[in-house]
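Chain by chain, the residues run as shown.
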Amino acid sequence: MGDCEQCMVRKLSALNVLKGEEIKSISGCKVTKRIKKGEVVFKEGDMLNGVYCISSGVCKLTKLTEKGKDQVVKLVIKGELLGQRSVIINQTANLTATALNDMEVCFIPKQEILQDLLKNNEFSFSVLKRMATDLKEAEIAIVNMAQKSVRKRLADIILYLHNNFGVDESNYLKVPLSRDDFASIVGTATESVIRTLSQFKKEGLIKTSGKKIQILNYDELELME
């Protein structure tokens, strides 16, 4: 990535409110990193020395459960920041960030971010709003887990992947999740996900090729109860 002032991705993030010398300062100290599919950006328990702004690609945030399984908490796309909460409260990372496809991120040192948070109230408020949104989404996910059927939750995730990440040239979802990842997000057993996807296929709602999924009947998935 080049100059932060010209970066289109920055306009999607909380960094958008920074101006002039603030952006020049970030541009001068950031480090661009390329991360391969499957590589870990940071692990739960790591002490982070800065935040990551996603320039391209998608990553998953996971939490290790007491049973030793990775629970998918959120999927993160370009324009979002990773690690800001841990940096602000000066604690180790609560989640693990893993690339779902090839990514490019800009690493911004901790001191630079903290300095901007202290000096720029608009930036602080922007970061706070995004953290509040994350909390709201987590609350909604908990309610959905209790109130929606597995079929409905799985249909919602498939539509979410379609609406937020798009499809490839063959019309399959651009971000292929493993059945284990689907199970983790939906909150059910992997076997239940496999069985439900098989039902969706028989009903003509989707088709699959390995891990890849293509939506055949968007409206029916949306109306799923």
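Residues numbered from 1 in each chain as written. Predicted model: local features only at pLDDT ≥ 70, side-chain atom pairs only at ≥ 80, totals over all residues. Heavy atoms only, no water.

### So, helix α7 (residues 190-202)
Then, in step 1: Between its first and last C-alpha, α7 extends 19 Å over 13 residues, near the 18 Å set by a 1.5 Å rise per residue.
Then, in step 2: For α7, the set of buried residues is Ser 192, Val 193, Thr 196, Leu 197 and Phe 200. Along the axis of α7, the buried positions cluster into a sector of 130°, meaning they face one direction only. Facing away from the buried side of α7 by over 90 degrees, the exposed positions are Glu 191 and Lys 202.
Then, in step 3: Buried-residue contacts for α7 involve α5 (150-165), α6 (179-186), β9 (206-209), β10 (212-215) and α8 (218-222).
Then, in step 4: Once α7 ends, the next one or two residues include Gly 204, with phi positive near 75°. (Helix = DSSP H or I, 4+ residues; strand = E, 2+ residues; numbered from the N terminus. Expected span 1.5 Å × (residues − 1). Buried < 20%, exposed > 50% of the residue type's maximum accessible area, 1.4 Å probe, protein only. Arc of directions from axis to C-beta. Contact = heavy atoms within 4.5 Å.)

### What about the UniProt feature "domain: Cyclic nucleotide-binding" (unreviewed entry) in the protein?
Then, in step 1: In this structure's numbering, the residues bearing the UniProt feature "domain: Cyclic nucleotide-binding" (unreviewed entry) are residues 14-122.
Then, in step 2: Span residues 14-122 is 26% helix and 38% strand, its end C-alpha atoms 9 Å apart. (UniProt positions renumbered as here; feature names shortened; annotations may be inferred.)

### With respect to the sheet that holds strand β8 (residues 103-109)
Then, in step 1: Strand order in the open sheet made by the 4 strands is β1-β8-β3-β6, with antiparallel pairing throughout. Each edge of the sheet is formed by a strand with only one pairing partner; in this case those strands are β1 (31-35) and β6 (81-82).
Then, in step 2: Pairing geometry for β1 and β8, over 5 bridges, is antiparallel. Counted as the bridge partner of Thr 32 is Cys 106 from β8.
Then, in step 3: Running over the sheet, helix α3 (residues 110-119) touches β3 (50-56) and β8 and is turned about 65° from β8. (Pairing = 2+ DSSP bridges. Axes fitted to C-alpha atoms, helices over the stretch in contact; angles between N-to-C directions.)

### Considerations on the packing of aromatic side chains
Then, in step 1: A full pass over the atoms with the stated rule returns 3 aromatic pairs.
Then, in step 2: Taking 5.9 Å as the distance between ring centres and 80° as the angle between the ring planes, the aromatic pair formed by Tyr 160 and Phe 165 counts as edge-to-face.
Then, in step 3: Of the aromatic side chains, those joined through ring pairs into one cluster are Phe 42, Tyr 52 and Phe 107.
Then, in step 4: Sitting above the plane of the Phe 107 ring, Lys 33 keeps its charged end 4.8 Å from the centroid.
Then, in step 5: Sitting above the plane of the Tyr 172 ring, Lys 212 keeps its charged end 4.9 Å from the centroid. (Phe/Tyr/Trp six-rings, centres within 6.5 Å; stacked < 30°, edge-to-face > 60°. Lys NZ or Arg CZ within 6 Å of the ring centre and 35° of its normal.)

### Comments concerning the state of the cysteines
A disulfide bridge is the covalent bond that connects two cysteines by way of their sulfur atoms.
Then, in step 1: Overall, the coordinates contain 0 disulfides when judged by the stated rule.
Then, in step 2: Between Cys 59, a cysteine without a disulfide, and Cys 53, which holds the nearest cysteine sulfur, the sulfur-to-sulfur distance is 12 Å. (Disulfide = S-S within 2.5 Å.)

### Structural notes on the side chain of Ser 126
Then, in step 1: Take Ser 126: it is sitting in helix α4 (residues 121-147).
Then, in step 2: What makes Ser 126 buried here is its relative accessible area of 11%.
Then, in step 3: Other than its neighbours up to four places away in sequence, Ser 126 contacts Ala 14 and Val 17.

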